[in-house]
Structure formats: C-alpha cells, structure tokens
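Per-entry structural report
Now for the letters of each chain:
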Amino acid sequence: VANVEESKAMLLAELKAAAAREPAPADYLVVAEAESPSAQGGGEASFPANKTGVRGTCLSGWNNRGHWVEYTMQVEHTGWYQIGLKYCVEGEEASRGVLVDGKAIHPDLEVATLPGTGGWSNGADQWSLVPLALPGFSDALPVRLEKGSHVIRLVNSAGGGMNLDYVVLAPVQARLERSLVEKP
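Remember, it's a predicted structure, so these values are computed and weren't measured experimentally. (Residues numbered from 1 in each chain as written. Predicted model: local features only at pLDDT ≥ 70, side-chain atom pairs only at ≥ 80, totals over all residues. Heavy atoms only, no water.)

**Here's the deal with the environment of Asp 139**
Relative to the assigned elements, Asp 139 resides in the loop between strand S8 (128-131) and strand S9 (143-145). For Asp 139, a relative accessible area of 37% corresponds to the partly exposed category. Distance in space between the C-alpha atoms of Asp 139 and Gly 56 is 28 Å, their sequence separation being 83 residues. Contact partners of Asp 139, with chain neighbours within four places excluded, come to Leu 12, Lys 16 and Ala 133. At 2.4 Å, the side chain of Asp 139 forms a polar contact with the side chain of Lys 16. (Helix = DSSP H or I, 4+ residues; strand = E, 2+ residues; numbered from the N terminus. Buried < 20%, exposed > 50% of the residue type's maximum accessible area, 1.4 Å probe, protein only. Contact = heavy atoms within 4.5 Å. Polar contact = N/O pair within 3.5 Å; in protein donor to acceptor, adjacent residues only side chain to side chain.)

Rendered as structure tokens:
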C-alpha cells in the first residue's frame, strides 16, 4: 500500500510540475451550470429552483445507477486545469464516474467519491465545492486541456442521490473556493 501511495504522490508531483510549466491563466474559469446539461441518458433529472445557496437552479433526481449528464465546455486557453464540482448530498457519500472527452482523467480516478455534505440544501446551505482528486489525496488532480470544446460526463456509478449546482474548470494554481466562482 505504501508503494502505491508513494507512486500516486510522485505522479501528482509530476503533474503539478507540468502544470507549473504550462499553467492556465490565473484568473480564467469555465463554469457549466448543472441545470444546462448538453445531454443526459439513463434517467431524467429535475431542476429545482427552491434550494438554498444555489446559483439559479440545480440538477436533482439523478439517482439511478448509470444515469449520466454531460456538459460541453469551451476552453479558450490550452493549459492545466482542476475540475471542481459544487454538490450536496445527505448521506455519507456519493460516487460519480468522471470522463473528459470519453476517457477517465486517470485510471485511479474513474469514479470520484464525494463525501456527504449534511443534506440536500433544503432551507440551509449545505453545498460543497471540491476539486476532483486521487483517492486519499486532497490536492486536485491536474488535467491538461487543449483550447477548444471538451465534454465532461458525470455518471451515477453506484446509485443514490446527489444534487449538482455547477462544474468548474479552474487553473491548477487557484484555491478552489465558492467565492472564486460565485463572484457578485
């Protein structure tokens, strides 16, 4: 186990070094609102407007195993990014498969496990914004994206609910916080 963790830590360090050599612009963000998927399959999500702390509306009713949603995102600058999800879930955790342009970001991150946030944001703000990271790590897994259109697909891999407010591509060097994305 120690060798696997060391290997992942070395990979993360190598990717961060590459990201430092070819960073995305420091103030550049690409945000896809969850209520505007470019496609979905395996179910039919709803888009409630009554959630506390949400930007506009959100995606809900994404509970069936295999139900997927896609977001087509236009990237104006080639560079290294982190992928963040603003979500809420009442239970202990939610699992979602993550594909970029039809491929896993990394073999160890085919499915992201997102910790419970304490509720569905019904009357209280229970949203969390997290970068996608390798299991056991908190630092974002850097992803290199060319200028152009990219499709982010999120797949409900285990069944169970999760509300989604948005997907964000942010520079690797950015501190991913809601205030960064949700500027007045």
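From this point, the narrative continues.
**Examining the pattern of salt bridges**
Note on pairing: side chains with opposite charge can pair once their charged atoms come close. All told, the structure shown has ten salt bridges when counted by the stated rule. Between Asp 139 and Lys 16 there is a salt bridge, and its shortest N-O distance comes to 2.4 Å. Of the two residues, Asp 139 sits in the loop between S8 and S9 while Lys 16 sits in helix H1 (residues 2-21), which places them 123 residues apart along the sequence. The class for Lys 16 is partly exposed, based on a relative accessible area of 33%. Taken together, the shared-partner salt bridges connect Lys 86, Asp 125, Asp 165, Arg 178 and Glu 182 into one network. (Salt bridge = Lys/Arg side-chain N within 4 Å of Asp/Glu carboxyl O.)

**Thoughts on the side chain of Glu 33**
Within the secondary structure, Glu 33 sits in strand S1 (residues 30-33). One polar contact links Glu 33 to Arg 55, side chain to side chain, over a distance of 2.3 Å. Residue contacts for Glu 33: discarding those within four places in its chain leaves Arg 55, Tyr 71, Asp 165 and Tyr 166.

**Some points on the nonpolar core**
Counting 41 residues, the largest nonpolar core has Tyr 71, Leu 154, Leu 164 and Val 167 as the members making the most contacts within it. Tallying contributions element by element places strand S4 (residues 79-88) first for this core, with five residues. Excluding residues within four positions of it along the chain, Leu 164 makes contact with Ala 34, Cys 58, Leu 59, Trp 62, Tyr 71, Leu 85, Lys 86, Tyr 87, Trp 127 and Leu 154. Ranked by size, the runner-up nonpolar core spans six residues in total, among them Leu 129, Val 168, Ala 170 and Val 181. (Core = buried A, V, L, I, M, F, W, Y, C linked by side-chain atoms within 4.5 Å.)

The values are spatial; any link to function lies outside them.
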